[in-house]
Amino acid sequence: QSALTQPPSASGSPGQSVTISCTGTNGDFGGYNYVSWYQQRPGYAPKLMIFEVNKRPSGVPDRFSGSKSGNTASLTVSGLQAEDEADYYCTSYAGSNNLLLFGGGTKVTVL
Amino acid sequence: QVQLVQSGADIKKPGASLRVSCEASGYTFTGHFIHWVRQAPGHGLEWMGRINPHTGGTRLAQTFQGRVTMTRDTSSNTAYMELNWLTSDDTAVYFCARGAATHYMDVWGTGSTVTVSS
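Residues numbered from 1 in each chain as written. Chains lettered and ligands numbered in written order. Predicted model: local features only at pLDDT ≥ 70, side-chain atom pairs only at ≥ 80, totals over all residues. Heavy atoms only, no water.

## Observations concerning the sheet that holds strand β7 (residues 68–73) of chain B
The pairing of strands in a sheet happens through backbone hydrogen bonds and is either parallel or antiparallel. All names here are of chain B. Stated formally: Pairing between two strands is assigned when DSSP locates at least 2 bridges connecting them. In this description a helix means any DSSP run of H or I spanning at least four residues, a strand means any run of E spanning at least two, and both kinds are numbered starting from the N terminus. Fitting a line to C-alpha atoms yields each axis, with helices limited to the stretch in contact; the angle taken between N-to-C directions then spans 0 to 180 degrees.
Taken together, four strands build an open sheet; the order of strands is β1-β3-β8-β7 and the sheet is antiparallel. Whereas interior strands pair on both sides, the edge strands pair on one side only; in this sheet they are β1 (3–6) and β7. If you compare each strand with its neighbour and ignore which way they point, the axes differ by 20° on average. By the bridge criterion, six bridges tie β7 to strand β8 (residues 78–83) in an arrangement that is antiparallel.

Structure (structure tokens):
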């Protein structure tokens with residue numbers, strides 16, 4: 001199984017919204033709503049932003065939201081702030097030998 | 001607070017093995033999976049596998065089966081990941097992460113930089 005497909009980059013001005021897609025196959029998502037999103041700033045470990053498609057861990061601003069339709073999951077960052085500039089990775093639970101698949105990552109730039 | 005502290009940077013020669021440690025604190029070690037994820041320079045994240053610290057059972061990504069061993073020591077709340085037959089392609093930062101469930105990770109380790117070079 002290949003990595004999930006994400007656009008390499010996305011950008012928006014402060015206050016705007018940006019949406020990142022994460023596309024896989026039926027097998028990649030395994031029929032589960034087990035999609036999560038991680039934010040990684042340069043030189044730092046990833047940080048969980050969304051789990052189980054649309055749930056936010058405590059402390060993550062509600063500007064971050066997730067959704068899924070068919071074989072495409074999405075992360076939307078509303079009200080962009082300079083601190084949101086980072087790489088974002090999606091993962092899915094494939095439920096077979098490759099239990100977790102990562103997307104290739106999307107670099108979000110705040111203009 | 002929940003913390004995962006990893007071993008320091010290391011340099012290895014091709015063909016050698018690496019062993020990275022991940023010491024957990026602030027929670028019940030045997031109550032959560034430990035996942036291992038690596039990131040080559042300038043590349044994305046790659047899931048390597050996970051260990052159940054309670055049972056010692058592991059699930060590995062196909063890419064790493066036969067080359068990776070994941071173990072744990074419950075007396076010291078430490079997980080280990082060993083990767084054999086290193087090549088330059090194994091140069092990466094290796095992260096451990098606590099599994100909030102089988103399918104996502106809520107706390108990440110500090111990262112261990114491994115360079116494979118002759």
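And the narrative resumes.
## Topic: the pattern of salt bridges
Residue and element names in this part refer to chain B. The line we're drawing: By salt bridge we mean one thing: a side-chain nitrogen of Lys or Arg within 4 Å of a carboxyl oxygen of Asp or Glu. For each residue, the accessible area found with a 1.4 Å probe, counting protein chains only, is set against the maximum for its type, and the residue is called buried under 20%, exposed over 50%, and partly exposed in between.
Applying the stated criterion across every chain yields a total of seven salt bridges over all chains. A salt bridge links Arg-98 to Asp-106; the shortest N-O distance between them is 2.7 Å. Residue Asp-106 is classed as partly exposed on the basis of its relative accessible area of 27%. Through salt bridges that share partners, Arg-38, Glu-46, Arg-67 and Asp-90 make up one connected network.

## Remarks on the pairing of strand β3 (residues 18–25) of chain B
Side-chain positions along a regular strand alternate between the two faces of the sheet. All names here are of chain B. Only one face of β3 is buried, namely the one carrying Leu-18, Val-20, Cys-22 and Ala-24, since none of Arg-19, Ser-21, Glu-23 and Ser-25 on the opposite face is buried. Relative to β8, β3 runs antiparallel, the two being bridged by six bridges. Within β8, the residue paired with Val-20 across the bridge is Met-81.

## A word on the sheet that holds strand β6 (residues 72–77) of chain A
Residues and elements named next belong to chain A. Within the open sheet, the three strands sit side by side as β2-β6-β5. Their pairing is antiparallel. Single-partner strands in this sheet number two, and they are β2 (18–23) and β5 (64–69). The average undirected angle you get between the axes of adjacent strands in this sheet is 20°. Judged from the six bridges that link them, β2 and β6 form a sheet pairing that is antiparallel. Bridging across to β6, Cys-22 finds its partner in Ala-73.

## So, the interface of chain B and chain A
Our working definition: The criterion used for residue contact is that any of the two residues' heavy atoms lie within 4.5 Å. Here the quantity called buried area is the accessible surface, traced with a 1.4 Å probe, that two parts lose on coming together, added over both. Polar contacts, as used here, are pairs of N or O atoms within 3.5 Å; protein pairs need one atom able to donate a hydrogen and one able to accept it. Residues neighboring in sequence count only if both atoms are side-chain atoms. Lys, Arg, Asp and Glu make up the charged group, whereas Ala, Val, Leu, Ile, Met, Phe, Trp, Tyr, Cys and Pro make up the nonpolar group; the residues left over, Gly among them, are polar.
On the side of chain A, 20 residues touch chain B, which itself brings 21 residues to the contact. Of the roughly 1,800 Å² buried at the junction of chain B and chain A (both faces included), carbon and sulfur atoms supply 62%. When the buried area of chain B at its contact with chain A is split by residue, B:Leu45, B:Trp47 and B:His103 rank highest and sum to 36% of it. Connecting chain B to chain A are four residue pairs in polar contact (both at pLDDT 80 or more). Breaking the side of chain B that touches chain A down by element, the ones donating at least two residues are β4 (33–39), β5 (45–51), β6 (58–60) and β10 (104–108) of chain B. In the side of chain B that touches chain A, the residues fall into nine nonpolar, eight polar and four charged.

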